[in-house]
Amino acid sequence: MSSAKSAATATASSAHSVVEPSPTSKRVAGAIVILYALITLVPLVWIFLTSIKSPPDSISYPPKILFTPSLEGYCNLFTTRTRQTPDYIAALPPPSGVCDAVTRERNMVIAGASNFLPRFANSLIIAFGSTFLAVSLGTLAAYGFSRFKVPLADDLLFFILSTRMMPPIAVAIPIYLMYRQLGLSDTALGMMLLYTAVNVSLAVWLLKGFIDEIPREYEEAAMIDGYTRLQAFFKVVLPQATTGIAATAIFCLIFAWNEYAFASLLTSGSAQTAPPFIPTIIGEGGQDWPAVAAGTTIFLVPILVFTILLRKQLLRGITFGAVRK
Amino acid sequence: MADVALKGVTRSFGDKRAVDGLDLHIADGEFVVLLGPTGAGKTTTLRLIAGLEKPDAGTVEIGGRPMNGESAAGRDVAFVFQQYSLYPHLTVYENLAFPLRSPARRMDKASLDARVRQVAKMVRIDHKLENRSTRLSGGEMQRVAIGRALVRRPSIYLMDEPLSSLDAKLRGELRLELKRIQKELGATLLYVTHDQIEAMTMADRIGILAEGRLVQIGTPREIYANPANLHVAARLGQPHINLMPADLLPGVAAPAGTRTIGARTEHLEISRARQGSAGLGPDGNAEVDWIEHLGDQNHLHIKVGGHKLVTLADPDLPVEAGDRISVRLKQPLYFGGDGQRLA
């Protein structure tokens, strides 16, 4: 008890030692941030521009800065096409949409939908599902480690952390064989379990830090007020851990969303995710770069939306400690 | 409300005994203050009653019912913590309603609302019910924390230095309010503090804790006037009690075995030494070292031989630093070699 009190006073006294930066240093800092943002945005802009180029423009050298935008990449991404004779195409009824028209210009007709949408849906299910699992399990485990006397707690925590010390791909072959035996290869469940296993260690460690920061007096007060520990956990601890949960969820989601190696090894058909699928988009006579870029652009959107939605929580995480607890 | 009894309660952390064989009975409707320095076991005692700690030995009884094995939720006590007292993600209203919304109580909406508003008025926070609890001043936060305990009618209120983080003025105001509310409700209240003024002004009985043991318990008057030993005597009184060898000052016949004499302001008789007296003997046995002016009274620092004494003096007393004065004892407290009171 008394150590907690002194720690609280120590943070309170240092909380006011922040010096307001001068206007010049603010401007310099702003310029650096903008420069950094521009540099990191270049690849994204490049991908987006490629996605709206026509295939010849996309591989022209020197690269074209000015070009006529085309939806061909997006059309090719979502469809499969077959080549036909000009006479056959001329005999067809007028095109029924933009993609129809774009395809016919290349002497092709749309044969059907591509596999992109199902692959993208797989990515959504697997990434969000594994994130949900990893964060739920991680929160409960972190709470346990933070609040209870767990036998060998330090060893267990180290063991959990140690699973991150090796590149996951090092165990790819054993996992591949195991999954074959268990019938988990090329299933969404298998991929979810795998990503959960990788992420849960990160989740436990990150969340333990956040939960350690929540004074246990809150739960004790709730328990005295007539709540069970589990009810106190949901009513008092979880609302105060939202910041940490949001940050952890973003990290887990980004990993699961972007994972390529396991996905290409363990999935090929019905459970294939978008990352191994996108590079396999092949056009006629070579890689269909605008379609690949279109797939990448669309692939970026969910992470972008998720991060923007949780931005408030993340920002609050930075200022949380400044509020009197 | 109910009475609470601790019988031989012991709780150790590692090899340190935080509470050591504690016997304490708090009568129904009584306001008991536990006074002691940091680490005396005050907070642990409260936590043992609340069920947040389990005793290694002994029993806690609430309303005559042994509480061993009963969860915190099942004990029907209310606890005010020293800090971290409000749920930061809730408004003042929600904080006050939180105990009433618990599954153990499940009060209906209308009576819950009435209860919350009544208590908010009692602790004078009814104008800020919709505020976020983090947007309150320290005094308001603590009033809400006390209010959150008061919305219930538990068998006992437990308060762990609820006023210690407040400034002196607020502390004085809330002290009065708390005592008034306790009287109005006829509440059984166990209050823990290291502030002797809080103990003296609010308590029906004060218990002095040291190293996990209850050293003495009694009315504030008893504890102040008849301390059982040096430790208790040193806890109360402002300025601090003067401790001196038995033969330092004249005016008393110390009982046999006296090692130390304790003298508060009321045990010291000061008069100005006559001009020309040499210093030894009843006239002019001491020298005024310096004077602290407090306004309504002065702190007089006196040197007697190699000893320094501090006493209160009337600001009109015509002495200055360096003056010779004579100091006599008047019915002081006598302590033996083991620190126990002799007379």
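Residues numbered from 1 in each chain as written. Chains lettered and ligands numbered in written order. Predicted model: local features only at pLDDT ≥ 70, side-chain atom pairs only at ≥ 80, totals over all residues.

Caption draft 1: The domain arrangement of chain A, seen in detail. For chain A, the assigned domains read domain 1 (20-114 + 281-297) and domain 2 (116-273). The straight-line distance from the C-alpha centre of domain 1 of chain A to that of domain 2 of chain A is 35 Å. (Domains from an automatic or database assignment.)

Caption draft 2: Up close: the interface of chain A and chain B. Contact residues are listed per partner, giving 21 residues for chain A and 23 residues for chain B. When residues of the side of chain A that touches chain B are traced back to their parent elements, those giving at least two are α1 (2-14), α11 (217-224) and α12 (229-258) of chain A. The element that contributes the greatest number of residues to the side of chain A that touches chain B is α11 of chain A, accounting for six residues. Broken down by class, the residue content of the side of chain A that touches chain B amounts to eleven nonpolar, five polar and five charged. (Contact = placed C-beta atoms within 7 Å. Helix = DSSP H or I, 4+ residues; strand = E, 2+ residues; numbered from the N terminus. Nonpolar A, V, L, I, M, F, W, Y, C, P; charged D, E, K, R; others polar.)

Caption draft 3: Looking closely at the UniProt feature "transmembrane region" (unreviewed entry) in chain A. Residues and elements named next belong to chain A. The sites that carry the UniProt feature "transmembrane region" (unreviewed entry) are, in the present numbering, residues 28-49, 124-145, 157-179, 191-211, 232-257 and 289-310. The straight-line gap between the two end C-alpha atoms of residues 28-49 is 30 Å; of that span, 100% is helix and 0% is strand. Secondary structure over residues 289-310 splits into 95% helix and 0% strand, and the C-alpha atoms at its two ends are 32 Å apart. (UniProt positions renumbered as here; feature names shortened; annotations may be inferred.)

Caption draft 4: Expanded view of the sheet that holds strand β12 (residues 260-263) of chain B. Residues and elements named next belong to chain B. Read across the open sheet, the three strands follow the order β11-β12-β18; overall the sheet is antiparallel. Of all strands in the sheet, those bounded by a partner on one side alone are β11 (242-245) and β18 (333-335). Across the sheet, the mean angle from the axis of one strand to that of its neighbour is 30 degrees, orientation sign disregarded. By the bridge criterion, four bridges tie β11 to β12 in an arrangement that is antiparallel. Residue pairing in the sheet places proline 245 in a bridge with threonine 260 of β12. (Pairing = 2+ DSSP bridges. Axes fitted to C-alpha atoms, helices over the stretch in contact; angles between N-to-C directions.)

Caption draft 5: Broad picture of the domain arrangement of chain B. Residue and element names in this part refer to chain B. When cut into domains, chain B gives domain 1 (4-235) and domain 2 (242-335). One C-alpha centre belongs to domain 1, the other to domain 2; they are set 40 Å apart. Split into classes, the residues belonging to the side of domain 1 that touches domain 2 amount to three nonpolar, one polar and no charged.

Caption draft 6: Quick peek at unusual backbone geometry. A cis amide bond, omega -5 degrees, links tyrosine 61 of chain A with the succeeding residue proline 62 of chain A. When you line up the elements, proline 62 of chain A lands in the loop between α3 (55-58) and α4 (72-78). Look at the link from glutamine 238 of chain B to proline 239 of chain B: it is a cis peptide, with omega at 0 degrees. One can find proline 239 of chain B in the loop between α8 (230-235) and β11. One non-glycine residue, glutamate 161 of chain B, adopts positive backbone phi at about 45 degrees. Within the secondary structure layout, glutamate 161 of chain B lies in the loop between β7 (156-160) and α5 (168-185). Look at glutamate 211 of chain B: it is not a glycine, yet its phi comes out positive at around 50 degrees.

Caption draft 7: Structural context of the nonpolar core. Ranked by internal contacts, the top residues of the largest apolar core, which has 132 residues, are Phe79, Leu158 and Leu190 of chain B. Setting aside anything within four residues of it in sequence, one finds leucine 190 of chain B in contact with Ile26, Val32, Leu34, Leu46, Ile49, Ile156 and Leu158 of chain B. By size, the runner-up hydrophobic cluster in this structure holds 15 residues, among which are Phe116, Ile281, Val292 and Ala293 of chain A. (Core = buried A, V, L, I, M, F, W, Y, C linked by C-beta atoms within 7 Å. Buried ≥ 20, exposed ≤ 12 C-beta atoms within 10 Å, placed from the backbone.)

Caption draft 8: Focus on the sheet that holds strand β1 (residues 4-13) of chain B. Residue and element names in this part refer to chain B. Read from one edge to the other, the open sheet built from four strands follows the order β2-β1-β4-β5, with strand pairing classed as antiparallel. Of all the strands in the sheet, the pair left with one neighbour each is β2 (16-26) and β5 (65-66). Direction of pairing for β1 relative to β2: antiparallel, over a ladder of seven bridges. Bridge assignment links valine 4 to a residue of β2, and that residue is isoleucine 26. On top of the sheet, helix α1 (residues 42-50) reaches β1, β2 and β4 (57-62); it is set at about 65 degrees to β2, its chief contact.

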